[in-house]
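Structural overview
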Amino acid sequence: MSTLEERLLVTGGSSGIGKSIAIECFKQGAFITIIARNENRLMKAKQEIEKFSVNDKQVVHTVSVDVSKDCTYVEKVLKQAQEKLGPVDMLVNCAGTSVNAKFEELDAGRFEQLMAVNYLGSVYPTRAVITTMKERRLGRIVFVSSQAGQVGLFGYTAYSATKFALRGLAEALQMEVKPYNIYITVAYPPDTDTPGFQEETRHKLLETKMISEASSICQPDHVARIIVKDATQGKFSSAIGVDGHLLAILTSGMSPAFSIADAFAGIICMGLFRFIGLYFLTSFNSIVLRCMVQKEKSGKKD
Ligand SMILES: NC(=O)c1ccc[n+]([C@@H]2O[C@H](COP(=O)([O-])OP(=O)(O)OC[C@H]3O[C@@H](n4cnc5c(N)ncnc54)[C@H](OP(=O)(O)O)[C@@H]3O)[C@@H](O)[C@H]2O)c1
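The present account deals with the structure reproduced in this document.

What counts and what doesn't
- The residue numbering used here restarts from 1 in each chain and proceeds along that chain's sequence as written.
- Local features in this predicted model are restricted to residues whose pLDDT is 70 or higher, and side-chain atom pairs enter the listing and the counts only when it is 80 or higher, whereas totals over whole chains, interfaces and linings include all residues.
- A pair of strands is labelled paired if DSSP reports no fewer than 2 bridges between them.
- Where helices and strands are cited, they refer to DSSP runs of H or I of at least four residues and of E of at least two residues respectively, numbered from the N terminus.
- Lines fitted to C-alpha atoms define the axes here, with helix axes fitted over just the stretch in contact, and angles between the N-to-C directions of these axes take values from 0 to 180 degrees.
- Each residue after the first adds 1.5 Å to the expected span of a helix.
- Counting other C-beta atoms within 10 Å of its own, a residue is labelled buried from 20 upward, exposed at 12 or fewer, and partly exposed in the gap between, with every C-beta atom placed from the backbone.
- Read the arc as the range of directions from the helix axis to the C-beta atoms.
- Working definition of a contact: two residues with C-beta atoms, positioned from the backbone, lying within 7 Å.
- Near, for a residue, is defined by distance from a backbone-placed C-beta atom to a molecule or strand, with 6 Å as the limit that must not be exceeded.
- Gly counts as polar in this scheme, as do all residues outside two lists: the nonpolar Ala, Val, Leu, Ile, Met, Phe, Trp, Tyr, Cys and Pro, and the charged Asp, Glu, Lys and Arg.
- Convention used here: a crossover is right-handed provided that the path from the first strand, over the helix, to the second strand proceeds clockwise when the strands point away from the viewer.
- Note on angle classes: values under 35 degrees are labelled roughly parallel, values over 145 roughly antiparallel, values of 65 to 115 roughly perpendicular, and the remainder oblique.
- The sense of a crossing depends on the near helix, which, turned anticlockwise from the far helix by less than a right angle, makes the crossing left-handed and, turned clockwise, makes it right-handed.
- When buried Ala, Val, Leu, Ile, Met, Phe, Trp, Tyr and Cys residues are joined through C-beta atoms within 7 Å, the set is termed a nonpolar core.

1. Side note on the sheet that holds strand 3 (residues 60–64)
Read across the open sheet, the 7 strands follow the order 3-2-1-4-5-6-7; overall the sheet is parallel. At either margin of the open sheet sits one strand with a lone partner, and together these are strand 3 and strand 7 (237–239). Sheet twist, expressed as the average angle between the axes of neighbouring strands with direction ignored, equals 20°. Judged from the 4 bridges that link them, strand 1 (residues 7–11) and strand 4 (residues 90–93) form a sheet pairing that is parallel.

2. Points about helix 2 (residues 39–50)
Counted at 1.5 Å a residue, the expected span for helix 2 with its 12 residues is 16 Å, and the 16 Å between its end C-alpha atoms agrees. Every buried residue of helix 2 is accounted for by L42, A45, K46 and I49. Buried residues of helix 2, seen end-on, are gathered within an arc of 105° and therefore sit on one face of the element. Exposed side chains of helix 2 directed beyond 90 degrees from the buried face belong to N40 and Q47. Those residues of helix 2 hidden inside the fold are in contact with helix 1 (16–27), strand 2 (31–36) and strand 3.

3. A closer look at the site of the ligand
Every one of the 31 residues lining the ligand counts as a neighbour, but G12, G16, N38, G96 and G196 are closest to it. Listed by contribution, the elements that provide at least two residues to the shell around the ligand are helix 1, helix 4 (108–136) and helix 6 (195–201). For the shell around the ligand, the per-class residue count stands at 10 nonpolar, 17 polar and 4 charged.

4. What about the pairing of strand 6 (residues 182–188)?
Burial of strand 6 is extensive: 7 of the 7 residues sit out of reach of the surface. Bridge count between strand 5 (residues 139–144) and strand 6: 6 bridges; the pairing is parallel. Residue pairing in the sheet places F143 in a bridge with V186 of strand 6. The parallel pair strand 5 and strand 6, bridged by helix 5 (residues 157–177), forms a crossover whose chirality is right-handed. Bridge count between strand 6 and strand 7: 3 bridges; the pairing is parallel. Bridge assignment links A187 to a residue of strand 7, and that residue is S238.

5. With respect to the packing of helix 4 against helix 5
Two elements in contact, helix 4 and helix 5, have axes separated by 9 Å at closest approach and are oriented at 20°. On the basis of their axis angle, the class for helix 4 and helix 5 is roughly parallel. The crossing of helix 4 and helix 5 is right-handed. Here helix 4 contributes R110, F111, L114, M115, N118, Y119, S122, V123 and K134 to the contact with helix 5, which in turn contributes A158, Y159, T162, K163, A165, L166, L169 and V177. Taken together, the residues that form the contact of helix 4 with helix 5 break down as 11 nonpolar, 3 polar and 3 charged.

6. Overview of the nonpolar core
Considering soluble globular proteins, one finds that nonpolar side chains tend to be buried as a cluster. Grouped together as the largest cluster of nonpolar side chains are 65 residues, with contacts concentrated most on L8, V10, I21, A22, I32 and I34. Looking at this core, the element that brings in the most residues is helix 4, giving 7 residues. Ignoring anything within four residues of it in the chain, the contact list for I34 reads V10, G13, S14, A22, L42, A45, K46, V60 and T62.

7. A closer look at unusual backbone geometry
The phi torsion at D70 lies on the positive side, around 55°, for a residue other than glycine. Take D70: it is sitting in the loop between strand 3 and helix 3 (71–85). Exposure remark for D70: the 13 C-beta atoms within 10 Å place this residue in the partly exposed category. With a phi angle near 65°, N181 is a residue other than glycine that sits in the positive phi range. For N181, the position within the fold is in the loop between helix 5 and strand 6. By the C-beta count within 10 Å, which is 14 here, N181 ends up partly exposed.

8. What about the environment of K209?
You can see K209 is positioned in helix 7 (residues 206–212). For K209, a count of 15 C-beta atoms within 10 Å corresponds to the partly exposed category. Sequence-wise, K209 and C71 are 138 residues apart; in three dimensions their C-alpha atoms are separated by 35 Å.

9. Some thoughts on helix 3
If you check helix 3, its first and last C-alpha atoms are 21 Å apart, about what 15 residues at 1.5 Å a residue would give, namely 21 Å. Within helix 3, the full set of buried residues consists of V74, L78 and A81. With its buried residues spanning 50° around the axis, helix 3 presents them on a single face. Across helix 3 from its buried face, at more than 90 degrees, point the exposed residues T72, Y73, Q80, E83 and K84. Where helix 3 is buried, its residues contact strand 1, strand 2, strand 3 and helix 4. Phi turns positive one or two residues past the end of helix 3, at G86, with a value near 100°.

Remember that the coordinates give geometry; whether it matters functionally is a separate question.
Structure follows, in structure tokens:
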């Protein structure tokens with residue numbers, strides 16, 4: 001955090017990665033507003049975050065709103081919060097949810113719900129802060145995507161699409177707002193041990209579980225530290241761990257580069273990493289085939 005006076009809005013700030021981001025920023029002196037639906041969890045998170053205050057002016061504000069519904073209402077509530085607390089310096093769009101199931105087993109409503117929470121639930125809060133940020137010629141906006149927003153994985157047809165969508169939004173928005181000194185960051189966390197992740201794991205498909213086992217599970221405070229650091233430095237992509245950086249380079253496409261060194265490293269590593277990427281893709285495909293054979297042998301229906 002470049003200043004102790006920064007004001008942050010964190011959607012999904014009552015749990016998991018969002019709460020850890022709020023704690024990380026609070027420890028650095030920021031003023032935080034956390035947003036989620038459940039008021040009890042918001043109050044619990046507020047008390048937990050406030051334990052990390054570094055000066056007696058700091059308080060945590062809470063706003064209970066469903067960010068996926070009624071754009072006008074979300075904008076109104078967040079604008080009111082800004083009038084009360086002052087303009088937002090950094091918005092972290094972290095509210096999100098996931099579902100892991102095969103394409104044909106998901107009803108159409110789940111696709112709509114996930115797009116509403118993970119994608120529109122980031123668009124609406126961003127609309128609430130962008131005009132003021134442009135007027136002030138200052139601001140940072142973080143979109144929390146996922147590694148499943150860089151590569152489509154078995155069981156994530158609904159989820160991956162919402163997380164890929166955030167990158168398209170972020171790239172286009174960065175081009176529009178860079179002249180106003182507003183920096184956009186897209187974070188691509190790996191599997192992270194949060195209440196949301198634990199809930200999803202209870203119903204995970206065998207294929208997805210086996211693919212996930214190829215990498216280790218991160219802790220939310222570690223993920224939060226990296227996201228906050230990258231956003232503060234104005235990095236467009238925020239990756240975590242060795243596989244995260246490998247994926248970020250492999251999938252960087254036309255994304256804005258952080259520096260010339262960053263761009264060159266990408267160009268040089270791209271060919272080599274493409275081979276490694278192909279190796280992983282082949283391994284993932286063979287996992288899926290192995291699962292099919294296992295299920296056929298045990299007489300389980302697919
Ligand atoms: N954990 C992982 O392995 C992982 C990996 C990659 C990316 N991510 C992404 O990181 C973000 C956080 O994940 P997490 O695992 O930390 O989740 P989590 O523990 O389930 O927390 C989700 C947070 O979002 C809030 N939320 C959900 N729906 C909302 C809505 N409609 N309106 C307002 N708030 C809402 C929840 O509060 P309420 O339910 O009270 O509203 C909660 O505060 C998500 O976008 C997720 O896709 C997670």
